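Below are the chains, spelled out letter by letter.
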Amino acid sequence: MSETEKNSFLEKLTTRREFLKLGGKSLAGVAISYSVLSLFGCSGKPEEVSGWPVAAGLIIADRSRCTGCQRCELMCSLNNDGKAHPYIGRIKVSRNYNYGAHGPKIAYWNDNGEFGNLLMTPETCQQCGKPYCAEACPVKAIKPDSKTKARVVDEQICVGCGACTEACPWHLPTVDLETKKSTKCFLCNGDPTCAKNCPTGAIKLVPWEKVQATLKQNGYNVG
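Residues numbered from 1 in each chain as written. Predicted model: local features only at pLDDT ≥ 70, side-chain atom pairs only at ≥ 80, totals over all residues. Heavy atoms only, no water.

A. Inspection of the overall build of the protein chain at higher detail. The secondary structure content of the protein chain amounts to seven helices and eight strands. Here the protein chain holds 223 residues, and 46% of them are scored as buried. Taking the intrachain contacts of the protein chain between residues at least 6 apart in sequence as the baseline, contacts between residues at least 24 apart amount to 61%. (Helix = DSSP H or I, 4+ residues; strand = E, 2+ residues; numbered from the N terminus. Buried < 20%, exposed > 50% of the residue type's maximum accessible area, 1.4 Å probe, protein only. Contact = heavy atoms within 4.5 Å.)

B. Local environment of helix H3 (residues 71-81). Burial in H3 covers these residues: Cys 72, Glu 73, Cys 76 and Ser 77. Projected down its long axis, H3 shows its buried positions confined to an angular sector of 125 degrees, all on one face. Looking one or two residues beyond H3, the residue adopting positive phi is Gly 82, at roughly 75 degrees. (Arc of directions from axis to C-beta.)

C. Here's a closer look at unusual backbone geometry. Positive phi outside glycine occurs at His 171, with the angle close to 50 degrees. The class of His 171 is partly exposed, set by a relative accessible area of 35%. Non-glycine residue Asn 189 carries a positive phi angle of around 60 degrees. Among the structural elements, Asn 189 can be located in the loop between strand E7 (182-183) and helix H6 (193-196). On the basis of relative accessible area, Asn 189 is assigned to the partly exposed category, the value being 39%.

D. Expanded view of the packing of aromatic side chains. Counted under the stated rule, the structure contains three aromatic pairs. Pairing Tyr 99 with Phe 115 gives two aromatic rings, centres 5.3 Å apart and planes at 75 degrees, and the pair type is edge-to-face. Remark: Phe 115 occurs in the loop between H3 and helix H4 (132-136) and Tyr 99 occurs in the loop between H3 and H4; sequence separation between them is 16 residues. Assessed through its relative accessible area of 40%, Phe 115 is described here as partly exposed. Here the aromatic rings of Tyr 108 and Trp 109 are separated by 5.1 Å at their centres, their planes lie at 75 degrees, and the arrangement is edge-to-face. The partly exposed category is assigned to Tyr 108, whose relative accessible area is 35%. Here a set of aromatic residues connected by ring pairs shows up, and it is made of Tyr 99, Tyr 108, Trp 109 and Phe 115. When the ring centre of Tyr 87 is taken as origin, the NZ or CZ atom of Lys 92, which lies over that ring, is 5.9 Å away. (Phe/Tyr/Trp six-rings, centres within 6.5 Å; stacked < 30°, edge-to-face > 60°. Lys NZ or Arg CZ within 6 Å of the ring centre and 35° of its normal.)

E. Representation of the confidence of the model for the protein chain. Overall, the predicted model of the protein chain reaches an average pLDDT of 79, with 76% of residues at or above 70. Per-residue pLDDT stays below 50 along residues 9-49; that stretch engages in 96 contacts with residues further than four places along the chain or on separate chains. (pLDDT = per-residue confidence, 0-100.)

F. Quick peek at the environment of Asn 98. Of note, Asn 98 is situated in the loop between H3 and H4. Counting along the chain gives 14 residues from Asn 98 to Asn 112, while the straight-line C-alpha distance between them is 7.8 Å. Setting aside chain neighbours within four positions, we find Asn 98 in contact with Asn 112, Gly 113, Glu 114, Phe 115 and Gly 116.

G. Structural detail: a nonpolar patch on the surface. A surface patch of nonpolar side chains, amounting to about 330 Å² of accessible area, comprises Tyr 108, Trp 109 and Phe 115. Along the chain, the position of Trp 109 falls in the loop between H3 and H4. (Patch = residues over 30% accessible without salt bridge, like charges linked within 9 Å, V, L, I, M, F, W, Y side chains within 5 Å. Areas by Shrake-Rupley, 256 points an atom, 1.4 Å probe, with all protein chains shown as cover. Salt bridge = Lys/Arg side-chain N within 4 Å of Asp/Glu carboxyl O.)

H. Representation of the pattern of salt bridges in the model. Taken as a whole and assessed by the stated rule, the structure comprises eight salt bridges. We note a salt bridge from Asp 111 to Lys 105, for which the minimum N-O separation is 3.3 Å. Between Lys 143 and Asp 154 there is a salt bridge, with the nearest N and O atoms lying 3.9 Å from each other. Here Asp 154 lies in the loop between strand E5 (151-153) and helix H5 (163-167) and Lys 143 lies in strand E4 (residues 142-144), a separation of eleven residues in the sequence. Look at Asp 154 and you get partly exposed, because its relative accessible area is 26%. Put simply, Lys 83, Asp 176 and Glu 178 are held in one network by salt bridges that share partners.

I. The nonpolar core, seen in detail. Within the largest apolar cluster, 20 residues are counted, with the highest numbers of intra-cluster contacts made by Ile 59, Cys 72, Cys 194 and Ile 203. Secondary-structure elements contributing two or more residues to this core are strand E3 (57-61) and H6. Here Ile 203 is in contact with Ile 59, Ile 60, Ala 61, Cys 72, Ile 91, Cys 194, Ala 195 and Cys 198, once residues within four sequence places are set aside. Judged by nonpolar contacts, the second largest core, of nine residues, contains Trp 52, Ala 134, Ala 141 and Cys 158. (Core = buried A, V, L, I, M, F, W, Y, C linked by side-chain atoms within 4.5 Å.)

Here it is, written out as structure tokens:
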């Protein structure tokens, strides 16, 4: 492994740790990690850092409202793929259901999840300013959507290699084992199915302007 590859790998690990550690922070009552800024290059406007346009917003979840019903996963796959298949849902709840995003621990009853404090951990695409998934794709199948600027998979180009999954710090893009195409969140053209079908209102699409304002209030230079 070259020095550049090592640095890239360590950068992704650090990003993931920061996200999980800070995941309890809030934006207008909704859980969001301030470390999202690190995905935009730490300083300066996101579009100036990587050349990618800024997405319309982020889908984020209020963990205090999430019951772990997983309806968001089911409706996401049903609406976008024509089948109720939580595994390919663009929002991930079931994989964190029992023990939270950190996985099993010795004192698991003190941590998140069904076997702990009942606090669920929905994971959503961060629409990164520097999208590891897109940059890792060998056929350049991930592009910004013309309307929302969300990073979306072009199924006509995708070869289902899974490079995007491995490159993502949260492993959110998921290859459909039946179609051999990758699936990832594209914000449902600005009207997220997961948010519309959440029975407790735990999921929201927050415009980038609000995310930016909150980051500025907490001392981040976002331009």
